[in-house]
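Overview (structure and organization)
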Amino acid sequence: MDNTEKECKSYQCKLSVNERTIDFLKDITNFKQEINWINGTENRLNCESLFNLYPNYLVLDNDYFTQKIFYDKIDRVEFSNNMSGLFGNAITLILGSNHKIFLNISNMKNNEFYDLKDELIEKVKNPPILGRNEILKVINCIVIEKLETLYKSDNITSLKKDISSLNKTVFEENGVFIIFDNHLKIENAIFIQEFPYSLIKNIDITDELINLLLDNNETITLKFNINEELTDELKNKIQKNITNPPNFSTKEIHNRVTSNPVAQVNSFGETNNLPNNTIVINKKSNALCFILNLLFCGAGYAYVDHWLRFIISFFIIWPILIFIGFATFMIPPILYWLYVVVNSNSMVNEYNKRILNNS
C-alpha cells in the first residue's frame, strides 16, 4: 500500500444508480453479488454505500459492487442540500453521456460538506496525472507527419508556432520521442503531441523507425537517429500498454492546447472539434481573397477587414483610373487591378499574423 492509499476520507451515504450507468462502468466495477434492481421507468439500485475519497481517485464500496473511479473520468459534479425529498447533502457524479451516480450523505455538517464540495470540484477540474514523470526512454528521431494529421489530432497537439505561413503539407523535423509509463510524447520545433495509449490503434516498430497508427486512422512516422534503438522489453511494454491502456488524463492535454495562442481552424474554416475555451484563430483564405480581387478590384481589402483601404481603392482610386484610362487605352486601371490581385496573398498573411498576435 502506497501513501496515497492511506490518505483516505470515508463517508457513509445512500447510493442511487441505474442499470445503464452500471453497464457503462462495468470495466471498472468489481461485482460482489447479483444486483436486485428496482423496476420502474428504468432499473435502479438504491443501497447503503461507502464513498471513499483518495488523492488520485474515489471508491464506491457497497454490498453489490466496488468501483474505483479516477477523477479524469468524471465530467462534472453537482451538489445540493436535498435530493428527491431525502434529507442530507447530495452529490451527483456525472460521467460520459449523462450517466449519473447519486450519493446522499447524511450526518454531515454544512461546513464539512462545503469543504468536500471544493475538494471534489478541484480534483475533477484538475485531475492528478499518475506516473507523469516516469520516463522510460527518450529517443532522438526525425518526426514525419502530415499537416492533415496535425489538424485531425488537435485535441492532443499543442503548436509552438503559427503553421499557416509555412506552406507545407508534410512536416519532417528533428525531434524527440519520449516514452512514459502511461503515455507517449512527440516534440519538435513546431509542435508537441501527447498520446494516451488508448488513442493508439497500433504501433509498428523496426530497427530504423516507428509507425504510429492513431485511432483516427492517421499515421505518424519516427525515423531513429544513429545508435538509437528500443529493447525487446520496452517494445513489449509499449504493446502491452496499447492493449490495456493505463490511466492517463486527457484533460491536462486539453488545458495545454487551450492555453496555446496558435490553436486555429484549418483552411476550410473547420475547427475540428477543438476543446472548449480554445482560442480559435479564424484564418482567412488566400484563394478566396484572390478570387474576390479578381472579380472586384479591391474587394480583398474588405475580406481582410481593411474597410478604409477598400473604400479608397474601389470608390476613389479605381474610378479615377477608369476616367484616365479612356485616354490611355485602359492601361493604368488594368495595372492597378493586377497589382491588387497579385497582392492578395500578402493581404491574407498580414491579416492572419495580426489576429495571431492579438490572440
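On a predicted model such as this, the values are computed, not experimentally measured, just so you know. (Residues numbered from 1 in each chain as written. Predicted model: local features only at pLDDT ≥ 70, side-chain atom pairs only at ≥ 80, totals over all residues. Heavy atoms only, no water.)

**Concerning the overall build of the protein**
A tally of regular secondary structure across the protein gives 11 helices and 16 strands. The burial tally for the protein puts 44% of its 359 residues in the buried class. Of the contacts made within the protein by residues no fewer than 6 positions apart, 61% connect residues no fewer than 24 positions apart. Accessible surface computed for the protein: about 19,700 Å², of which carbon and sulfur atoms make up 52%. (Helix = DSSP H or I, 4+ residues; strand = E, 2+ residues; numbered from the N terminus. Buried < 20%, exposed > 50% of the residue type's maximum accessible area, 1.4 Å probe, protein only. Contact = heavy atoms within 4.5 Å. Areas by Shrake-Rupley, 256 points an atom, 1.4 Å probe, with all protein chains shown as cover.)

**A short note on unusual backbone geometry**
Notably, Asn217 is not glycine yet its phi reads approximately 70 degrees, a positive angle. On the secondary structure map, Asn217 appears in the loop between β15 (209–214) and β16 (219–224). Although it is not a glycine, Asp305 sits at a positive phi angle of roughly 70 degrees. Position of Asp305 relative to the elements: it lies in the loop between α8 (299–303) and α9 (307–325).

**Structural notes on the packing of aromatic side chains**
Under the counting rule described, the total for this entry stands at 10 aromatic pairs. Centroid distance Tyr54 to Tyr57: 4.9 Å. Interplanar angle 35 degrees. Geometry classified as tilted. With a relative accessible area of 5%, Tyr57 lands in the buried category. Ring pairs connect the aromatic residues Trp307, Phe310, Phe314 and Phe315, which therefore count as one cluster. In this structure, Lys68 packs its charged tip against the face of Tyr57, placed 4.3 Å from the ring centre. (Phe/Tyr/Trp six-rings, centres within 6.5 Å; stacked < 30°, edge-to-face > 60°. Lys NZ or Arg CZ within 6 Å of the ring centre and 35° of its normal.)

**What to know about the environment of Ile94**
Tracing the chain through its elements places Ile94 in strand β7 (residues 86–95). With sequence-adjacent residues up to four places away left out, Ile94 is seen in contact with Ile74, Asp75, Arg76, Glu78, His99 and Lys100.

**Observations regarding the pattern of salt bridges**
The tally for this structure, following the rule as stated, stands at 10 salt bridges. With a shortest N-O distance of 3.0 Å, Glu148 and Lys152 are connected by a salt bridge. Residue Glu148 and its partner Lys152 are both found in helix α4 (residues 147–152); the two are separated by 4 residues, about one turn of the helix. Across the salt bridge formed by Glu218 and Lys152, the nearest N and O atoms sit 3.2 Å from each other. Taken together, the residues Glu218 in the loop between β15 and β16 and Lys152 in helix α4 connect sequence positions 66 residues apart. Look at Glu218 and you get buried, because its relative accessible area is 6%. Overlapping salt bridges, with partners in common, bring together Glu148, Lys152 and Glu218 in one network. (Salt bridge = Lys/Arg side-chain N within 4 Å of Asp/Glu carboxyl O.)

**A short note on the packing of helix α7 (residues 286–295) against helix α10 (residues 331–342)**
Helix-helix packing is described using two parameters, namely the angle between the two axes and the distance between the axes. Contact geometry of α7 with α10 gives a least axis separation of 8 Å together with a crossing angle of 170 degrees. Comparing the axis directions of α7 and α10 gives the class roughly antiparallel. On α10, the residues that touch Phe290, Asn293, Leu294 and Leu295 of α7 are Trp337, Val340 and Val341. Residues belonging to the contact of α7 with α10 are distributed by class as follows: 6 nonpolar, 1 polar and no charged. (Axes fitted to C-alpha atoms, helices over the stretch in contact; angles between N-to-C directions. Parallel < 35°, antiparallel > 145°, perpendicular 65-115°, else oblique. Nonpolar A, V, L, I, M, F, W, Y, C, P; charged D, E, K, R; others polar.)

**Points about the packing of α9 against α10**
α10 packs onto α9 with a crossing angle of 145 degrees between their chain directions and a minimal axis gap of 7 Å. In this structure, α9 contributes Ser313, Ile317, Trp318, Leu321, Ile322, Ile324 and Gly325 to the contact, and α10 contributes Pro332, Pro333, Tyr336 and Trp337. The residue inventory of the contact of α9 with α10, partitioned by class, reads 9 nonpolar, 2 polar and no charged.

**So, the side chain of Thr92**
One can find Thr92 in strand β7. Judged by its relative accessible area of 9%, Thr92 is buried.

**Describing the sheet that holds strand β9 (residues 135–146)**
Strand order across the open sheet formed by 8 strands is β10-β13-β12-β11-β9-β16-β15-β14, with antiparallel pairing between neighbours. Every interior strand has two partners, whereas the edge strands, β10 (157–159) and β14 (200–205), have only one. Neighbour-to-neighbour, the strand axes of the sheet open up by a mean angle of 25 degrees, direction not taken into account. Pairing of strand β12 (residues 183–188) with strand β13 (residues 191–196) involves 5 bridges; the strand directions are antiparallel. Note on β13: the bridge partner recorded for Ile186 is Gln193. Taken strand by strand, helix α5 (residues 232–243) contacts β9, β11 (170–180) and β14, and its axis lies near 165 degrees from that of β14. (Pairing = 2+ DSSP bridges.)

Spatial relationships are all this shows, so hold off on functional conclusions.
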